[in-house]
Amino acid sequence: MSFADTLVAAFSLVAHWESILYLALGVTVGVVAGAIPGVSATMAVALTLPFTFALEPIYGILLLLGVYKGGIFGGSIPAILIKTPGTPASSATTLDGYPLAERGEAGRALGVALYASCIADLISNLSLILFAGWLASFALSFGPPEFFALIVFSLTIIAGVSGDSLIKGLIAAAGGLFLATIGLDLVYGTDRFSFGDPNLMGGLNFIAVLIGLFALPEIIAHVFRAKEDVHDPARALGGGWATLGDLRRCLKSIVRGGLIGVVLGAIPGVGGAPAAFLSYSEAQRTSPNRANFGKGEVEGVAAAEAGNNGVCGATLIPLLSLGVPGDVITAIIIGAFMIHGLQPGPMLFVTNADIVYALFMGLILSSIFLLGIGSVAIRIFRLVSDIPKSVLAPAVLVLCVFGTFAINNSMFDVAVMFAMGGLGYLMLVLGVPAAPFLIGFILGPLLEDKFRQSMLMSGGAPEIFVRSPITWLFWALTALALAFIIASLRKSWRAAGTASET
Amino acid sequence: MSSIKLGVAVAASLAAASPAFAYPEQPITLVIAYGAGGATDLSGRALATALGPTAEEPILPVNRTGAGGATGSASVANAEPDGYTMAVARVGSHTVNPAMKANLPYTLDDFTFVGVYEINPVACAVAADSDIKSMDDLVARVEAEPGTVSYSSSGVGSLLHVAGAMVLRIYGVENPVEAVVHLPMKGGGEAATAVLAGTADFICTNSSALSSFVANGQLRPLLVTTAEPVAGFDAPTSADLGKPELERLVGWSGIAGPAGLPDDVVQKWRGWLEVAVADEGFQETMGRFGSIVELMSPEESLDFVNQQYEVFSELVNELDMRVE
Amino acid sequence: MARLRGDFWTGLGVVLLGLLLVFVAVPEGVVSPRSVRIAVLSPAFWPNILAWLLVVLGGVLAIRAARTEAPDPVTAQASSGRAAGLARLAVFAVGVVLVCLFATTLGLVWTAMLAFFGVVLLTGTRHLLAAIAVAVLLPLALYFFFNHVAGVPIPQGVWVRLP
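Quantities reported herein were computed from a predicted structural model and do not represent experimental measurements.

Give me the overall build of chain B: which residues, what numbers.
Helices and strands together make up the secondary structure of chain B, namely 13 helices and 10 strands. For a compact globule of 324 residues, the expected C-alpha radius of gyration is about 20 Å, and chain B comes in at 20 Å, within 12% of that figure. Considered along the principal axes of its C-alpha atoms, chain B spans approximately 70 × 45 × 30 Å. Within chain B, residue pairs in contact and separated by at least 24 positions form 79% of the contacts whose partners lie at least 6 positions apart. For chain B, the accessible area works out to roughly 10900 Å², and carbon and sulfur atoms hold 51% of it. Put simply, chain B has 16 plus and 39 minus side-chain charges, and the middle of one group is 6 Å from the middle of the other.

Next up, the structure:
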C-alpha cells in the first residue's frame, strides 16, 4: 500500500460521522470531567476505558484521546474560578488565573487559557506527526542519570514561583520533598514513615495533596473571615473576553510553552505538571510584564496552559513509536490498544498504518473541537464566578470531598486532603507559598528514585551523573538558572537597600 | 480505615434488610490493586464485563493502587467478609509479596480464594541490539563479570523482582542477588522501557507485558517458562531447555475475598466464574494477552496459591531476599 | 513589625520541625535493612538530607528576620474579629474530624448535606434559599454522577440507601 493509499484509508476511517461524534463526545466529557475538582484527566480517561471495549478500535481510541485533551484543558476551569486545579497539570494555572478571577476577569483568563491550550495542542500534535521518530530516540536516551539532571534543573523553577521570599519558597519545597518520602522504600521495600499502615505504604495521594493545598485554604479563610463578599459589580460580570491583543501579547509564551511541553512530554515519566511550571517560570523570567506575575497576569495563565497542553500530543510519541507509556494516562490508552489487539510500537506504522494516520487526523481535529467545545463550556462555567462566596465555599468543599474520595474509594484520601488543607492554611497565614511545596512533592520521588537508580547502575560511583551530553546540557542549564537567580536576588537587595535609605 | 468502615456499613445494612441470606443484594466492589490499563486491570475488567449478564447485581471494578498492590489487597483483607468487597488476586500481591515482605500488612490466611481463572507464562528478554543472544550467553556474562549485569523490575516484591533471581538460580548461578544488580522501577511499563533504553540488561515478566515489544522486534525473548511455546515468542520453552523447574514460575490472576467468606458466597462466585470464563469475548481478550484461561475450583485455587507461595518462600529464604 | 516577628517564629518553628524529623521521626519511621552496601542508597539518606535542609533554611529565615529592620506593611487584624474567627476555625476543625469519622457510617451524601449546612451556619449567608437548594441538590447530583455514570461506589451508610 502506498503512502497515498494509506492516507485515503485513514481518511475513510476518520471521515465517518461516528469518529467525529466519538471525538466530540470525548472532548466534551473531558472538559466537563476535568472541570470537576478531584476528577482529574487521568481519572476521566480511566473511567471511559471500559466503554471503549465494545467500540471499533479507532472510535475507542479517538474517544479516549478526546477525553484526555478535553480533561487537561477542563482542569484549568476550576483552577481559574475556584483556585482548585481540576487536574494536577493545571496547578500552575491557579497562580495567575485565580487572581484574575478575583479581579473580575474570569472570562478573560478562561479565554486566554483556551487559546493557549488549543495552540499548544496543535503544536504538540504537529510535533508528534513530524518528529515522532526523532523525538522517540531522544526520549530513549534518557536513562536515570539524564533524568536526575533534568529534575535538578526543573527544581530551579522554585525561584520563579516563590513570590517575594525565596527562602520561604525553599522551605516549602523542602517540606514537599520530605512529604514525598512517605511510603515504601523503592530500593529495599522497607517502611518509611508508614508505620505499618497500608494506606501510607503507597505514599500520600497526589491529587488529595493538591486539592488540600490549593482549594481548602480558600475555604478555611472564608470560614475565618465569615464575610459575604461585598458584591463587586466587576466580579459579578465574570468579566469580558480575551481580546486579540491579549493573544498577541501571550503568543511568544504560548509557543515556547508548547515546545517545552513537547520536549518534556516526549520523555516518558515527566507529565504535565512539571511542564506547566517550567513553561510558567520561563515566561516569567523573560516577560516584560515580569513584576505582574503571580498577581493576575494573563501571560502567566497562557504559559501554564500552553505547557500542560503541549504535553498532550507529545506523550503519544513514546506510545506510538516505542510502545512505551509516557504517563499514567497513556498507560491507560496503551491498555485500550491492547484490548483491541493493536500493539503500539514501530511495527504499528507498518501493520496498521491506516489507524496511525487516522489517529493523526483525529488529533488535529481534536484541537479544533477543543476550541469550539471549550468556548461553549467557558460561557457556561464562568457563571460560577457569579455565585456568592457563602454558597460557593461549601459547594467547593462538597465537590472536593466527593472527588477526592472517588480517586481511590478511600476516606483516608479525604482525611489527607483535610490535613493538607490545614497545612496549606497555615502556610497562607505565615506567607509561605504553596506552589514550591507542590513542585517539591511532584519532583521529590523522581529526584530520589532516579538518583538511587543511577547509583545502583554505577555501583556508587558519582561519575555516572556526567556520563552523556544530555547530562552536561542540563547541568549547564542548571548553572545558568542559578546564576540568573543570584543576579536577580542581588538586584532586588540593592533595590531594597536604596529604598530603605531614602 | 475506609474499607473497614465501608464493609461494616454494608454488612449492617444487609443485616437490617433481610435476615435470610440472599446474595447479592447490592453492587459488588471488585478491588484491583494495580493501576488502570495494566495487565491486572484489563484482566479484572474483562472478567467483570463477562460477569455482567450472569451476576444479579453490577460488579464495579475499582482501582486501589499503591505499594506494589499491598494497599488495595490490604483494604480487601480488612473488609467485612460479606462478599461485597472482593479482590482480583494476582501473583505479585498474593504470592511474591507475602513470601518476601515481613512488613506486609496481610498474609495469605487473610483471604478466601474463590477461583484462579488465568495463568500467564513468564518470559525473559533482552534488548534486540544486545550482544546477549541466549540464556547461556547471559549466564556466562553474569559469571564472568559479576555485578555488571542488571535486570529491571516493577519494584521490590514484584513478580519481576523474584523472577530474575529465580531464573538465574535455576541456571546454576550461585548467588544471583550478589551477582546481578536489581534495578527497581516504578511499574511494569517503566521496567520494560529500562531494558529498551539499555538502562537494564534483561527483564523477566509476564509474556503479556512483553508481547508488543517482541512483536515489534524491540526486545529479544530468551526463554518462556511454560512447556508449550507461547504465540509470538520465538524462544525456547522450559521443555526445550530441559529445565522443568522453570514451569513453577508463572503469573496468574484469581478472585479472592476476605477470610471467612460464607460458603454460599463462594459457591455463587464459583458458578459465575464458570459462566464467565466460557464467554467468547473474555476468552478472546485473554488470548490476546497470551494468557491461558483455566478455572480452578476454590480448593484447587488455594492449593495452587499455597504451592506457589512455597516455591517463592523457599527461594527467598535461600537467597536471603526477605524484606524486613 | 508583626510580619517580621512572624517570620522569626516561622523560621524557629521550621528549625524545630527539622530537628524533630532528624532525631525522632527518621530514626523511628524509617526502617533500614541490616546491610546497605552503598551508603547513599540507605532509605534514610534522603529524608535525613531534607530534614537537615529544613533546619538550615529555617535558621536562615529566623536570623534574617531578626536582623532586618524594615517597616512592616501588614497590620494586625482587629482582635475581636480575630477571636471570633479562631472560634469558627475550631468548630470547623471539629466538623472535619466528624466528617472523616462518620461519613461512611452515615453515608457520604447525607454527611455532605450536613457539612454544607454546617459551613453555612458558621459563616452566615444572605442567600439562604439558594444555599439550602445547593446543599440538597449538589450531593445528590454528585452521587448519581459517580455511582451511576462513573461506576464509583459512593458509601451509602447504614440507614438510608439511595437507588
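The discussion continues.
Tell me about the overall build of chain A, and please be specific about residues and values.
Each helix and strand counted, chain A has 24 helices and 0 strands in total. Taking 502 residues into account, the globule formula puts the C-alpha radius of gyration at 23 Å, and chain A, at 22 Å, falls close to it. Summarising its shape, the C-alpha atoms of chain A cover approximately 75 × 60 × 50 Å along the three principal directions. Across the 502 residues that make up chain A, the buried fraction comes to 67%. Of the contacts formed within chain A by residues at least 6 apart in sequence, a portion of 79% connects residues at least 24 apart. Approximately 16000 Å² of chain A is accessible, and the part contributed by carbon and sulfur atoms is 71%. Separation between the mean location of the 25 positive side-chain charges and that of the 29 negative ones in chain A comes to 11 Å.

Report on the interface of chain B and chain A, specifying residues and quantitative values.
Taken residue by residue, the interface counts 44 residues in chain B and 49 residues in chain A. The closest approach of N and O atoms between B:K186 and A:D449, which form a salt bridge, is 2.7 Å. Linking chain B to chain A there are 10 residue pairs in polar contact (both at pLDDT 80 or more). Going through the elements one at a time, α2 (39-51), β2 (59-63), α3 (70-77), β6 (180-184), α8 (188-196), α9 (207-215) and α12 (280-288) of chain B are the ones with two or more residues in the side of chain B that touches chain A. Among the elements that line the side of chain B that touches chain A, the one with the most residues is α9(B), at 5 residues. Residues belonging to the side of chain B that touches chain A are distributed by class as follows: 18 nonpolar, 18 polar and 8 charged.

Outline the packing of aromatic side chains, supporting the account with residue identities and numerical values.
Two numbers describe a pair of aromatic rings. These are the distance of the centres and the angle of the planes. In the structure shown here, the tally under the stated rule is 29 aromatic pairs over all chains. Centroid distance A:F148 to A:F465: 4.8 Å. Interplanar angle 45 degrees. Geometry classified as tilted. Here A:F148 is found in helix α8 (residues 144-155), whereas its partner A:F465 is found in the loop between α23 (434-458) and α24 (469-501), with 317 residues between them in sequence. With relative accessibility at 10%, the residue A:F465 sits in the buried group. Between B:F111 and B:F113 the ring centres are 6.5 Å apart and the planes differ by 45 degrees, which places this aromatic pair in the tilted class.

Any details on the state of the cysteines? Residues and values, ideally.
Taken as a whole and assessed by the stated rule, the structure comprises 1 disulfide over all chains. Across the disulfide from B:C124 sits B:C204; the S-S distance is 2.1 Å. Measuring the twist about the S-S bond at about 105 degrees, one finds the B:C124-B:C204 disulfide to be right-handed. Taken as a pair, B:C124 in strand β4 (residues 111-127) and B:C204 in strand β7 (residues 202-206) lie far apart in primary sequence, 80 residues in all. By relative accessible area, B:C204 is classed as buried at 0%. You can see A:C312 has no disulfide; the closest cysteine sulfur is in A:C118, sitting 11 Å from it.

Now, about the pairing of strand β9 (residues 250-258) of chain B: what can you tell me, with residues and values included?
All names here are of chain B. For β9, the tally of buried residues reaches 9 of 9 residues, placing the bulk of the element in the interior. With 4 bridges connecting them, strand β3 (residues 85-90) and β9 associate as antiparallel partners. The residue of β9 that forms the bridge with V88 is I255. Pairing geometry for β4 and β9, over 9 bridges, is antiparallel. Bridging across to β9, F113 finds its partner in A256.

Please give an account of unusual backbone geometry that cites residues and values.
The linkage connecting B:Y23 with the following residue, B:P24, adopts the cis geometry, with an omega of -5 degrees. Secondary-structure assignment places B:P24 in the loop between α1 (2-17) and β1 (28-32). Look at A:F193: it is not a glycine, yet its phi comes out positive at around 55 degrees. Its location among the elements puts A:F193 in the loop between α10 (166-179) and α11 (198-201). The exposure class assigned to A:F193 is buried, which follows from its relative accessible area of 9%.

Can you tell me about the interface of chain C and chain A, naming the residues and giving the values?
Facing the 69 residues of chain C at the interface are 59 residues of chain A. Between chain C and chain A, roughly 5400 Å² of surface is buried when both sides are summed, and carbon and sulfur atoms account for 81% of that area. Summed over the shared surface of chain C and chain A, the number is 1 salt bridge. Viewed at the interface, chain A and chain C are joined by 9 residue pairs in polar contact (both at pLDDT 80 or more). The set of elements that each furnish at least two residues to the side of chain C that touches chain A consists of α1 (2-29), α2 (45-67), α3 (79-106), α4 (108-123) and α5 (128-150) of chain C. Tallying contributions element by element places α2(C) first for the side of chain C that touches chain A, with 12 residues. For the side of chain C that touches chain A, the per-class residue count stands at 50 nonpolar, 11 polar and 8 charged.

Explain a nonpolar patch on the surface to me, and be specific about the residues and the numbers.
All names here are of chain C. Taken together, the side chains of F117, L128, L129, I132, V136 and L137 make up a nonpolar region of the molecular surface, amounting to roughly 550 Å² of accessible area. Here the nonpolar patch takes 5 residues from α5, the largest share from any one element. Position of L129 relative to the elements: it lies in helix α5. Given the relative accessible area of 72%, L129 is considered exposed.

Could you give an account of the domain arrangement of chain B, naming the residues involved and the relevant values?
Residues and elements named next belong to chain B. Looking at chain B, the domain boundaries give domain 1 (3-120 + 250-319) and domain 2 (121-248). Here domain 1 and domain 2 have C-alpha centroids that lie 28 Å from each other. Taking both sides of the interface into account, the surface hidden between domain 1 and domain 2 amounts to around 1700 Å²; carbon and sulfur atoms contribute 67%. For domain 1, the biggest contributors to the area lost against domain 2 are V250, L315 and L319; these three give 30% of the whole. If you look at where domain 1 meets domain 2, you find 1 salt bridge. Looking at the side of domain 1 that touches domain 2, the element that brings in the most residues is helix α13 (residues 298-319), giving 7 residues. Among the residues forming the side of domain 1 that touches domain 2, the class breakdown is 12 nonpolar, 6 polar and 3 charged.

Go over the packing of α10(A) against α23(A) with me, naming the residues and quoting the values.
All names here are of chain A. Between α10 and α23, the least distance of the axes is 7 Å, while the angle of their chain directions is 45 degrees. As judged from the angle between their axes, α10 and α23 are oblique. As α10 packs across α23, the resulting crossing turns out to be right-handed. Taken together, the residues of α23 that come into contact with α10 (itself represented by G169, A172, A173, G175, G176, L177 and L179) are P436, F437, G440, F441, L443, G444 and L447. Taken together, the residues of the contact of α10 with α23 break down into 9 nonpolar, 5 polar and no charged.

Rules of the game
Residues numbered from 1 in each chain as written. Chains lettered and ligands numbered in written order. Predicted model: local features only at pLDDT ≥ 70, side-chain atom pairs only at ≥ 80, totals over all residues. Heavy atoms only, no water. Helix = DSSP H or I, 4+ residues; strand = E, 2+ residues; numbered from the N terminus. Rg over C-alpha atoms; globule rule 2.2 N^0.38 Å. Contact = heavy atoms within 4.5 Å. Areas by Shrake-Rupley, 256 points an atom, 1.4 Å probe, with all protein chains shown as cover. Lys, Arg positive; Asp, Glu negative; His and termini not counted. Charge placed at Lys NZ, Arg CZ, Asp CG, Glu CD. Buried < 20%, exposed > 50% of the residue type's maximum accessible area, 1.4 Å probe, protein only. Salt bridge = Lys/Arg side-chain N within 4 Å of Asp/Glu carboxyl O. Polar contact = N/O pair within 3.5 Å; in protein donor to acceptor, adjacent residues only side chain to side chain. Nonpolar A, V, L, I, M, F, W, Y, C, P; charged D, E, K, R; others polar. Phe/Tyr/Trp six-rings, centres within 6.5 Å; stacked < 30°, edge-to-face > 60°. Disulfide = S-S within 2.5 Å. Pairing = 2+ DSSP bridges. Buried area = accessible area lost by both parts, 1.4 Å probe. Patch = residues over 30% accessible without salt bridge, like charges linked within 9 Å, V, L, I, M, F, W, Y side chains within 5 Å. Domains from an automatic or database assignment. Axes fitted to C-alpha atoms, helices over the stretch in contact; angles between N-to-C directions. Parallel < 35°, antiparallel > 145°, perpendicular 65-115°, else oblique. Left-handed = near helix turned anticlockwise from the far one by under 90°.

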